[in-house]
Amino acid sequence: MSTTFHTPFATRRESIRLDAALCAAAKLPAWAAQFKLGTAGYRDLLDPADFFNLGVPFNALTAAVFLEARARLAVERGLQALHVGGEVRPHTQELIDLASRIYAAHGLRVHLRPAGMRTTPIWLSSFGVFFDELDGGENFTASHSQSYKGGWKPMDGDGGQLIEMAPLIEQGVRALVAAAAGDGVVIELAAADDPLIRRDFDPVADYVDVLRQVVPAPLLAAVSTAALAGFRAGFCTEGGSMGATARRVFARLGIDCAVDVSSAGAVFFTHEPEHSDYHGIGQLDGVNHGVDPGKWQVYKHVGAQDLLRRGQCAVFFIWDPDGDRFNMVTTAPAALAGPAAAAGLEVDPLDEGRCLVFFKPNQIYFMLTALRLEGLQADGALDRHGWITATTFPTSRSIGEVAEVCARRTGANLPVFQVPVGFKYFAELVGSLEQQTAAGAATATARDVTGREVAFGPRPRLLMMAEESGGAALGFAEPVASRHGARRSLAPKEKDAMQIGVLALCLAARLHAEGGSFAGWYLSALDRYETTYRFYERRDLTLFDESLKGEARTAAQAAGNARKEAAVAFFAALEGREPAAVAASLRAALPAGVDLPAVVRAYRAGDGTLIEFAGLWFELRASGTDAVLRYYMEGRDAVTVGALNEAFTRLRIPG
């Protein structure tokens, strides 16, 4: 069913009238009952060809409902100004228009990108909301998901995802639909050219000034120096929002951007033109795998191999469409192929003298954590602050090991802290630290979801905040003040792959000048930091085909949810039990012949069950963004990790 409820971009006021008949036809009560703001906001199926198709859950009408709920709550809370941005997936411009007009109709001031700038990377939305001292904002993005999924990520005044307000918006959605099914509801839209809708959101120059705190001048200088000696780096933007903004950032950093791959410049871009289907990236053999740069269907199929083989670049980086995930493809001397593979890196042949090396995001963040710590130590700045390495529970523990070993050797205060999956929990940690330091606390502290309390000292700073899925951000040496000084920030409240991309580019340039490689540097760092957790893997079990529509989708989703709930319940039942009881339950469900290591403990890690064994750990969690169950495992032996994680995916679970 497709019905036009309003005219996108109309320069006149309009109304969307919801009554019982429309609610029933659009199945709004069922949709509202399942509406949830998860780890990355709201994501669901849309129709790329029809914004008004009521046969999919993310459409013009459902969007109007959740935006109206957001607007009413904003007015109730006394908010006055919101930013609205988005990336490139279908109907993004129509959604930005719809949000702007609903908010303006409620008397809210709306800040959009200047004319001609259609897209906003998520990190720029987050930074600009904080820096321009707005009351909040949102970005229409489903990040790395397939282009047939729509997404909405609302944020608070610090630029972090909503935590306290998220369930209130969910309640508001259900209340609106209930009212519409009764006496009816009218959603007002201002004209698209209403004076409250302003095209003045452009914090790029201010962002770059702050970025210089994260990437020291000597590291930045290495890029230009290496470029004179022939260094070039490629960046794949996947047709997303990063191309235009990255060019402006690089220009302000003094990094020369080529017009195209065959032109002169330290960096060049591939798949740069914005494209709602991401130029087909991630679509193989009739299956759409999405555009997560951490998936082999992406990083092995974006043309990196040929560019590296021909010597057109020394390293190839990949950003996802909204600029919050990052990965890279590199080369190393052929002699390193064996040692690199033995250390857990993915290696393919390239030519007689070189091999291809593919990194997991965990391994990139391990290197960048070491790089930042070594830079602080070289500058004599390691002792000035309590530099915190924060990761999610299913992120590689090798990253924290770097900080722990460095602290043991230097005596510096380098705490390690874990949060549940979802960058909003990093933002919550940072916000708490900001409040404590502003209040003059003798030492800032935080308690994790297991009840463990960590003291960070009187001057906490965020060295690294990393998710295994590819999202991360780096904190600042000194608090950053907003435009008029009303706010101060210790770190970004959202994933920032621009930071990560620039820092990785700088390390690549330095290694090129030294005749080294990322693989060689990684192997050296493993030894330097006595790393024990070297072998990590994540297996995703798809629960149902999210591209299905109508009754077929309803049936498949119900079956997938039943499977998910059974698996989650099985592992949840192990939490807090004695190790012997946990082991007995696992052995009873595992395939015959599986060698189970000794169980140390099982506990709740926020949104999943984590089991620590002797020498390795495992976590099961249901994704908050995709219809998959994730099986994470990491240990000190690659064969054990692979065999045991595979066995866990084949557990005989009742129900």
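Each value, and the rule that gives it
Residues numbered from 1 in each chain as written. Predicted model: local features only at pLDDT ≥ 70, side-chain atom pairs only at ≥ 80, totals over all residues. Heavy atoms only, no water. Salt bridge = Lys/Arg side-chain N within 4 Å of Asp/Glu carboxyl O. Helix = DSSP H or I, 4+ residues; strand = E, 2+ residues; numbered from the N terminus. Buried < 20%, exposed > 50% of the residue type's maximum accessible area, 1.4 Å probe, protein only. Contact = heavy atoms within 4.5 Å. Polar contact = N/O pair within 3.5 Å; in protein donor to acceptor, adjacent residues only side chain to side chain. Pairing = 2+ DSSP bridges. Axes fitted to C-alpha atoms, helices over the stretch in contact; angles between N-to-C directions. Parallel < 35°, antiparallel > 145°, perpendicular 65-115°, else oblique. Nonpolar A, V, L, I, M, F, W, Y, C, P; charged D, E, K, R; others polar. Core = buried A, V, L, I, M, F, W, Y, C linked by side-chain atoms within 4.5 Å. Phe/Tyr/Trp six-rings, centres within 6.5 Å; stacked < 30°, edge-to-face > 60°. Lys NZ or Arg CZ within 6 Å of the ring centre and 35° of its normal. 1 Å grid on protein atoms, 1.4 Å probe; cavity = no way out; pocket = protein on both sides within 12 Å on 5 of 7 lines; lining within 4 Å. Points joined across faces, edges and corners; volume = space filled by probe spheres on them. Expected span 1.5 Å × (residues − 1).

K.L.:
Which parts of the structure should I look at to understand the pattern of salt bridges?
P.N.:
In a structure, side chains of opposite charge can pair up when their charged atoms sit close to one another. Under the defined criterion, the tally for this structure stands at 45 salt bridges. Two residues, arginine 77 and glutamate 164, come together in a salt bridge whose shortest N-O distance is 2.8 Å. One end of the pair, arginine 77, is in the loop between α3 (60–76) and β3 (81–86); the other, glutamate 164, is in the loop between β6 (149–155) and α6 (166–181), and 87 residues separate them in sequence. Linking lysine 300 and glutamate 346 is a salt bridge whose minimum nitrogen-to-oxygen distance equals 2.9 Å. Taken as a pair, lysine 300 in the loop between α10 (296–299) and α11 (304–309) and glutamate 346 in strand β15 (residues 346–349) lie far apart in primary sequence, 46 residues in all. In this structure glutamate 346 comes out as partly exposed when scored by relative accessible area, which is 26%. In this structure, a network of salt bridges that share partners links the residues Lys153, Asp324, Glu467, Glu494 and Lys495.

K.L.:
Help me understand the environment of serine 125 in this model?
P.N.:
With respect to the secondary-structure elements, serine 125 resides in helix α5 (residues 122–131). Here the alpha-carbon distance between serine 125 and histidine 83, two residues 42 residues apart in the chain, equals 7.4 Å. Not counting residues within four places of it along the chain, the set of residues in contact with serine 125 comprises His83, Thr120, Glu138, Asn139, Met155 and Phe201. Of note is the side chain of serine 125, whose polar atom sits 3.0 Å from the side chain of asparagine 139.

K.L.:
I'm lost on the sheet that holds strand β10 (residues 267–270) in this one. Help?
P.N.:
Spatial strand order, β10-β9-β13-β14-β16-β15: six strands in an open sheet with mixed pairing. Both edges of this open sheet fall to β10 and β15, since each of them pairs with a single strand only. The average angle at which neighbouring strand axes cross in this sheet is 25°, direction not considered. One ladder, built from five bridges, connects strand β13 (residues 315–319) with strand β14 (residues 326–333); its direction is antiparallel. When the sheet's bridge partners are listed, phenylalanine 317 is paired in β14 with methionine 328. Across the sheet, helix α9 (residues 242–253) is in contact with β9 (233–236), β10 and β13; its angle to β10 comes to roughly 175°.

K.L.:
Sorry if this is basic, but what is going on with the packing of α5 against helix α7 (residues 204–214) here?
P.N.:
What describes two packed helices is the angle between their axes and the distance between those same axes. Interhelical geometry of α5 versus α7 gives an angle of 95° and a closest axis separation of 10 Å. In terms of axis orientation, α5 runs roughly perpendicular to α7. Contacts between α5 and α7 involve Trp123, Leu124, Phe127 and Phe131 on the former and, on the latter, Val204, Asp206, Tyr207 and Val210. In the contact of α5 with α7, the residues fall into seven nonpolar, no polar and one charged.

K.L.:
Please clarify how the nonpolar core should be interpreted in this entry.
P.N.:
The nonpolar side chains of a soluble globular protein tend to be buried, and buried together. Counting 90 residues, the largest nonpolar core has Phe250, Phe317, Trp319, Met498 and Leu505 as its most contacted members. Counting residues per element, this core draws most heavily on helix α16 (residues 497–514), which supplies twelve residues. Here phenylalanine 317 is in contact with Ala233, Gly234, Phe235, Cys236, Phe326, Asn327, Met328, Ala504, Leu505 and Ala508, once residues within four sequence places are set aside. Residues Leu37, Leu54, Leu73 and Val177 belong to the second largest nonpolar core, which totals 56 residues.

K.L.:
Can you walk me through the packing of aromatic side chains in this structure?
P.N.:
The full count for this structure, using the stated rule, is 35 aromatic pairs. Where phenylalanine 235 meets tryptophan 319, the ring centres are 4.6 Å apart and the plane angle is 25°; that geometry is what we call stacked. Linking phenylalanine 235 in strand β9 with tryptophan 319 in strand β13, this pair joins segments that are 84 residues apart in sequence. A residue is classified by how much of its surface remains accessible, and phenylalanine 235, at 0% relative accessible area, is buried. Taken together, Trp31, Phe35, Tyr42, Phe58, Phe66 and Trp152 form an aromatic cluster joined through their ring pairs. Between arginine 636 and the ring centre of tyrosine 533, over which it is positioned, the NZ or CZ distance is 5.1 Å.

K.L.:
I'm lost on the layout of surface pockets in this one. Help?
P.N.:
In this approach a probe as big as a water molecule rolls over the atoms, and the regions it shows empty are the leftover space. Volume-wise, the second largest pocket comes out at about 1000 Å³. In terms of lining, the second largest pocket is formed by 39 residues, of which the most central are Lys295, Gln297, Arg538, Asp540 and Arg630. Where the lining of the second largest pocket is concerned, the elements lending two or more residues are β12 (287–288), α10, α13 (361–378), β25 (535–542) and β29 (628–635). A per-element tally of the lining of the second largest pocket places β25 first, with six residues. Counted by class, the lining of the second largest pocket contains twelve nonpolar, 13 polar and 14 charged residues.

K.L.:
What exactly am I supposed to notice about helix α20 (residues 638–649) here?
P.N.:
It helps to recall that an α-helix has 3.6 residues per turn; residues three or four apart then point in one direction. With twelve residues, α20 should cover 16 Å at 1.5 Å per step; its first-to-last C-alpha distance of 17 Å lies within 8% of that length. Where α20 is concerned, the buried positions are Val641, Gly642, Leu644, Asn645, Ala647, Phe648 and Thr649. Those residues of α20 hidden inside the fold are in contact with β25, α18 (550–572), α19 (579–589), β27 (608–613), β28 (616–622) and β29.

K.L.:
What is the right way to read empty space enclosed by the protein from this model?
P.N.:
Counted by the stated rule, this structure contains three cavities of 30 Å³ or more. Forming the walls of the largest cavity are 23 residues, and the residues nearest its centre are Thr39, Arg325, Val421, Glu467 and Ser469. Residue classes in the lining of the largest cavity are distributed as five nonpolar, nine polar and nine charged. Approximately 180 Å³ is the volume attributed to the second largest cavity. Every residue lining the second largest cavity is counted, 18 residues in all, and those nearest its centre are Phe127, Phe476, Ala491, Pro492 and Lys493.

K.L.:
Sorry, what's going on with the sheet that holds strand β21 (residues 460–466) here?
P.N.:
The strands making up a sheet are joined through hydrogen bonds of the backbone, oriented either antiparallel or parallel. Read across the open sheet, the four strands follow the order β18-β17-β21-β22; overall the sheet is mixed. The sheet is open, and its two edges are formed by β18 (416–419) and β22 (472–473), each paired on a single side. In the sheet, strand β17 (residues 386–392) pairs with β18 via four bridges, with the strands oriented parallel. Of the residues in β18, the one forming a bridge with alanine 390 is phenylalanine 417. Packing against the sheet, helix α15 (residues 423–438) makes contact with β17, β18, β21 and β22, and its axis sits at approximately 180° to β21.

K.L.:
Which parts of the structure should I look at to understand helix α14 (residues 398–410)?
P.N.:
Between its first and last C-alpha, α14 extends 18 Å over 13 residues, near the 18 Å set by a 1.5 Å rise per residue. All of the buried residues along α14 are Ser398, Ile399, Gly400, Glu401, Val402, Ala403, Val405, Cys406 and Ala407. Among the structural elements, α13, β17, β18, β21, α17 (518–528) and β29 are those in contact with the buried residues of α14. After α14 finishes, the residue glycine 411 shows a positive phi value of roughly 80°.

K.L.:
Explanation requested: unusual backbone geometry in the structure shown.
P.N.:
Note: most peptide bonds trans; most residues except glycine with negative phi. For serine 143, which is not glycine, the phi torsion reads 55° and is therefore positive. Assignment of secondary structure puts serine 143 in the loop between β5 (136–140) and β6. A positive phi angle, near 55°, is found at glutamate 238, a position not held by glycine. Position of glutamate 238 among the secondary structure elements: in the loop between β9 and α9. For glutamate 238, a relative accessible area of 0% translates into the label buried.

Function cannot be inferred from these measures alone, as they are strictly geometric.
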